[in-house]
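Each chain is listed here by its residues.
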Amino acid sequence: MGSMVLPLFAQQNVRVSGKVSNSKGEILQGVSVRVKGKNQGTSTDATGKYQIEAAPAAILVFSQVGMKVEERTVGNQLQINVQLTENDNALDEIVVTGYGSVAKKRDLTGAISSVNAKKIQERQPINLFDALQGQAAGVLIVNDGGGAPGATGSIQVRGTSTLNGGNGPLYLVDGVINPDGANINPTDIENIEVLKDAASASIYGSRAANGVILITTKRGAEGKPLINVNYNHLFGRLAHYIPVSNSAEVREFRNIQGQNSNIDSLNPSFNADNDLQKLLLGNLAQKKEIKLSIGGGQKNLRYYSSLNYLDDQSIILNSYAKRLQSRINVEYQASSKLRYANNISFAWQKGNTIPIANTVRVVMDRPAYSLIYYPDGSLTSYVGSKRNPIA
């Protein structure tokens, strides 16, 4: 009887060393070198060199931010030198730099933040300020008006730059200067570029001292017409009321003080019992918004049109805002040397703004027993030098 013996050899690790450089031959420090599929790894030192132990069948992975990943099989090599090339994908993004001109990010030296239509659509903003809030570093968005109907906001780029002058940035919509961004429908925006550094002054001069916001609106795409309809309806009420004294409690307090004048229940001006908070602030707030847009095109012709209507009713009595916005963009390429384009926008707003701070102060100041309506149904004015907040 014969037998056959098969020798078994364990695969032993070998020490592999080498140097990592870029396409120009310059050494790269901090390059991650790891064994693929394992938690074993190291990084290059200040001279671009590394050392690692790996099996001959192992694969080494070399990676660094901004560089393409390279892989090398160890095999029988004890020294592996690697050259990493730049990853250009992140630098090929097209951005608007000024007055409609475009450039690749690789060619820019200034500080620019970009917000595209996809990010805007995810937020479902009411105005430009909602669309930009939290989207661009170094850009401060403040909602003005304390939540009043139709309130917009303000934008500061790089913080406050002057004490007495304005701090708002320069707005350009499709290359045309706009006084502010309040009348821009965020649904119409294709892209927003925020120029944050002083380099923008070389294009726009002193007007760019507070930064520049470049807005590119949408254009239709070749193909079948695309129709979008969006309806939003929001409700709201005052969450908490401040406890106040009613008429009986006020009379009891006056009796304790020994002041019985001007609180006789037979006096028609002082025989009411009103909850002014509920009368003035107890309404159901409703915000209704309808957005309609249509865009399309064919060879040499593109079009886009939109309509946006906002009806904003406050919790405060008789406080409301109504706004209508419309835009028509048409572009026709007549020949290789002739192109016709028009961008038409329209905005209309109507409302009744109530000074919230003064009104709430009167609600707290006027006694609950003061008359609100005369017997004939008309509103009272001043009772005991306290203004009627409903009037």
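Everything below is about the structure shown above.
Residues numbered from 1 in each chain as written. Predicted model: local features only at pLDDT ≥ 70, side-chain atom pairs only at ≥ 80, totals over all residues. Heavy atoms only, no water.

Peer 1: What is the right way to read the layout of surface pockets from this model?
Peer 2: The gaps of empty space that remain are located by a probe, the size of a water molecule, rolled over the atoms. As a volume, the largest pocket reaches approximately 600 Å³. Looking at the largest pocket, it is lined by 26 residues, and the ones nearest its centre are Gln121, Thr187, Lys218, Asn228 and Ser293. Of all the elements in the fold, those that place two or more residues in the lining of the largest pocket are helix H1 (117-123), strand E15 (189-195), strand E17 (223-236) and strand E18 (285-298). For the lining of the largest pocket, the element with the highest residue contribution is E18, accounting for six residues. Looking at the lining of the largest pocket residue by residue, the classes come out as 11 nonpolar, nine polar and six charged. The calculated volume of the second largest pocket comes to roughly 510 Å³. Lining the second largest pocket are 30 residues, with Gly147, Ala148, Pro149, Lys287 and Asp312 positioned closest to its centre. Going through the elements one at a time, E17, E18, strand E19 (301-313) and helix H6 (356-365) are the ones with two or more residues in the lining of the second largest pocket. (1 Å grid on protein atoms, 1.4 Å probe; cavity = no way out; pocket = protein on both sides within 12 Å on 5 of 7 lines; lining within 4 Å. Points joined across faces, edges and corners; volume = space filled by probe spheres on them. Helix = DSSP H or I, 4+ residues; strand = E, 2+ residues; numbered from the N terminus. Nonpolar A, V, L, I, M, F, W, Y, C, P; charged D, E, K, R; others polar.)

Peer 1: Could you clarify how one ought to interpret the sheet that holds strand E13 (residues 170-173) in this entry?
Peer 2: Note: strands within a sheet are paired through backbone hydrogen bonds, in either parallel or antiparallel orientation. Taken in spatial order, the five strands make up an open sheet running E10-E15-E16-E13-E14, and their pairing is mixed. One side of each edge strand has no neighbouring strand; the edge strands of this open sheet are strand E10 (112-116) and strand E14 (176-178). Across the sheet, the mean angle from the axis of one strand to that of its neighbour is 25°, orientation sign disregarded. Here E15 pairs with strand E16 (residues 212-217) via six bridges, running antiparallel. Looking at the pairing, Leu195 lines up with Val212 of E16. (Pairing = 2+ DSSP bridges. Axes fitted to C-alpha atoms, helices over the stretch in contact; angles between N-to-C directions.)

Peer 1: Where do I start with the sheet that holds strand E20 (residues 320-335) in this structure?
Peer 2: Across the sheet, five strands lie side by side as E17-E18-E19-E20-E21; this open sheet has antiparallel pairing. A strand with exactly one partner marks an edge of an open sheet, and here the two such strands are E17 and strand E21 (338-352). With direction set aside, neighbouring strand axes in the sheet form an average angle of 5°. Where E17 meets E18, 12 bridges bridge the pair, whose relative direction is antiparallel. Across the sheet, Leu234 pairs through a bridge with Lys287, a residue of E18.

Peer 1: Can you walk me through the pairing of strand E11 (residues 139-142) in this structure?
Peer 2: Walk down a regular strand and you will see the side chains alternate between the two sheet faces. On E11, burial follows the alternation: Val139 and Ile141 on one face are buried, whereas Leu140 and Val142 on the facing-out side are not. Inspection of the sheet shows E11 paired to strand E12 (residues 154-157) by four bridges, in the antiparallel sense. Each bridged residue has a counterpart across the sheet, and for Val142 the counterpart in E12 is Ser154. (Buried < 20%, exposed > 50% of the residue type's maximum accessible area, 1.4 Å probe, protein only.)

Peer 1: Where do I start with H6 in this structure?
Peer 2: Note on helix geometry: an α-helix contains 3.6 residues per turn, so any two residues three or four positions apart are oriented the same way. All of the buried residues in H6 are Thr359, Val362 and Val363. Along the long axis of H6, the arc covered by the buried residues comes to 105°, so they all point the same way. Exposed side chains of H6 directed beyond 90 degrees from the buried face belong to Ala357 and Arg361. Of the surrounding elements, those touching the buried residues of H6 are helix H5 (276-281) and strand E23 (386-387). (Arc of directions from axis to C-beta. Contact = heavy atoms within 4.5 Å.)

Peer 1: I tried to follow the pattern of salt bridges on my own but got confused; where do I start?
Peer 2: Should their charged atoms come close, side chains of opposite charge can pair. Taken as a whole and assessed by the stated rule, the structure comprises 13 salt bridges. For Glu70, the salt bridge goes to Arg72, with nearest N and O atoms at 3.3 Å. For Arg72, a relative accessible area of 28% translates into the label partly exposed. One salt-bridge network, held together by shared partners, links Asp174, Asp188, Arg219, Arg302, Arg327, Glu331 and Arg339. (Salt bridge = Lys/Arg side-chain N within 4 Å of Asp/Glu carboxyl O.)

Peer 1: When you look at helix H4 (residues 247-257) in this model, what are you seeing that I'm missing?
Peer 2: Ser247, Val250 and Arg251 are the residues of H4 that are buried. In a view along the axis of H4, the buried residues occupy a sector of 100°, so they form one face of it. H4 presents Ala248 and Ile256 as exposed residues on the side facing more than 90 degrees away from its buried surface. Once H4 ends, the next one or two residues include Gly258, with phi positive near 80°.

Peer 1: Even after reading the chapter, I still don't get the nonpolar core, so can you show me in this structure?
Peer 2: Among the nonpolar cores identified, the biggest contains 20 residues, and Leu128, Leu132, Ile155, Ile192, Ile213 and Ile215 are the most heavily contacted of them. For this core, the secondary structure elements donating two or more residues are helix H2 (128-132), E11, E12, E13, E15 and E16. When residues of this core are assigned to their parent elements, the largest contribution, four residues, is made by H2. Not counting residues within four places of it along the chain, the set of residues in contact with Ile213 comprises Leu132, Ile155, Pro169, Leu170, Tyr171, Leu172, Ile192, Glu193 and Val194. Judged by nonpolar contacts, the second largest core, of 18 residues, contains Val20, Ala54, Ala55 and Met67. (Core = buried A, V, L, I, M, F, W, Y, C linked by side-chain atoms within 4.5 Å.)

Peer 1: Would you mind going over the packing of aromatic side chains with me for this structure?
Peer 2: A ring pair, where both rings are aromatic, is described by two values, the distance of the centres and the angle of the planes. Within the structure shown, the criterion is met by one aromatic pair. An angle of 75° between the planes, with centres 5.5 Å apart, marks the rings of Tyr50 and Phe62 as edge-to-face. Placement of the pair is Tyr50 in strand E4 (residues 49-54) and Phe62 in strand E5 (residues 59-63), with a sequence separation of 12 residues. For the pair shown, Tyr50 and Phe62 are each scored as buried. (Phe/Tyr/Trp six-rings, centres within 6.5 Å; stacked < 30°, edge-to-face > 60°.)

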